[in-house]
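Chain and residue survey
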Amino acid sequence: MELQRYYEAFQEAGVEVIALAVAPVGSVNGAQQATGAIYPLLADPAHQVAEAYGVYNLLGDGVAAPSVFVIETDGHIAWSHVGQHPGDRPSAQTILEQLLGW
């Protein structure tokens, strides 16, 4: 998992990585165990968070579009990417470039 490989770089940049899935808690916990992810994976089974960020069912598939939101401590969205298809995800390096100007 790419985020896992870059997790330390995110931490050094003062950023916390959190993954959110429109799925039941049990499924998300199973995915975290199966992947060994060291960052938090959170469940959004009623898709409230996905809807609040405007990414729920954008692709007509009943889940959140692949999205990244960089949120500052004051709640301001500093940078975001909302995918236009299931594989449309920025690389960890792209996210770090946006954060740090690498």
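Description of the structure in this document. (Residues numbered from 1 in each chain as written. Predicted model: local features only at pLDDT ≥ 70, side-chain atom pairs only at ≥ 80, totals over all residues. Heavy atoms only, no water.)

1. Comments concerning a nonpolar patch on the surface
A cluster of nonpolar side chains, namely Ile18, Leu20, Leu42, Val49, Tyr53, Ile71 and Ile77, defines an oily patch on the protein surface of about 580 Å² accessible area. You can see leucine 42 is positioned in strand E2 (residues 41-43). (Patch = residues over 30% accessible without salt bridge, like charges linked within 9 Å, V, L, I, M, F, W, Y side chains within 5 Å. Areas by Shrake-Rupley, 256 points an atom, 1.4 Å probe, with all protein chains shown as cover. Salt bridge = Lys/Arg side-chain N within 4 Å of Asp/Glu carboxyl O. Helix = DSSP H or I, 4+ residues; strand = E, 2+ residues; numbered from the N terminus.)

2. Some words on the side chain of aspartate 88
Residue position: aspartate 88 is located in the loop between strand E4 (77-82) and helix H4 (92-100). Notably, aspartate 88 is buried but unbridged: the nearest opposite-charge side chain belongs to arginine 89, and the N-O separation is 8.3 Å. Within the local environment of aspartate 88, its side chain forms a polar contact with the backbone nitrogen of glutamine 84, the two atoms lying 2.8 Å apart. Ignoring sequence-local partners within four residues, the contact set of aspartate 88 consists of Pro66, His81, Val82 and Gly83. (Buried < 20%, exposed > 50% of the residue type's maximum accessible area, 1.4 Å probe, protein only. Lys, Arg positive; Asp, Glu negative; His and termini not counted. Polar contact = N/O pair within 3.5 Å; in protein donor to acceptor, adjacent residues only side chain to side chain. Contact = heavy atoms within 4.5 Å.)

3. Details of the packing of aromatic side chains
Taken as a whole and judged by the stated rule, the model has two aromatic pairs. Ring centres of tyrosine 53 and phenylalanine 69 lie 4.8 Å apart, and the angle between their planes is 50°; this geometry places the pair in the tilted category. Highlighted residues: tyrosine 53 in the loop between helix H3 (48-52) and strand E3 (67-71) and phenylalanine 69 in strand E3, separated in sequence by 16 residues. Here tyrosine 53 falls in the partly exposed class, since its relative accessible area comes to 35%. (Phe/Tyr/Trp six-rings, centres within 6.5 Å; stacked < 30°, edge-to-face > 60°.)

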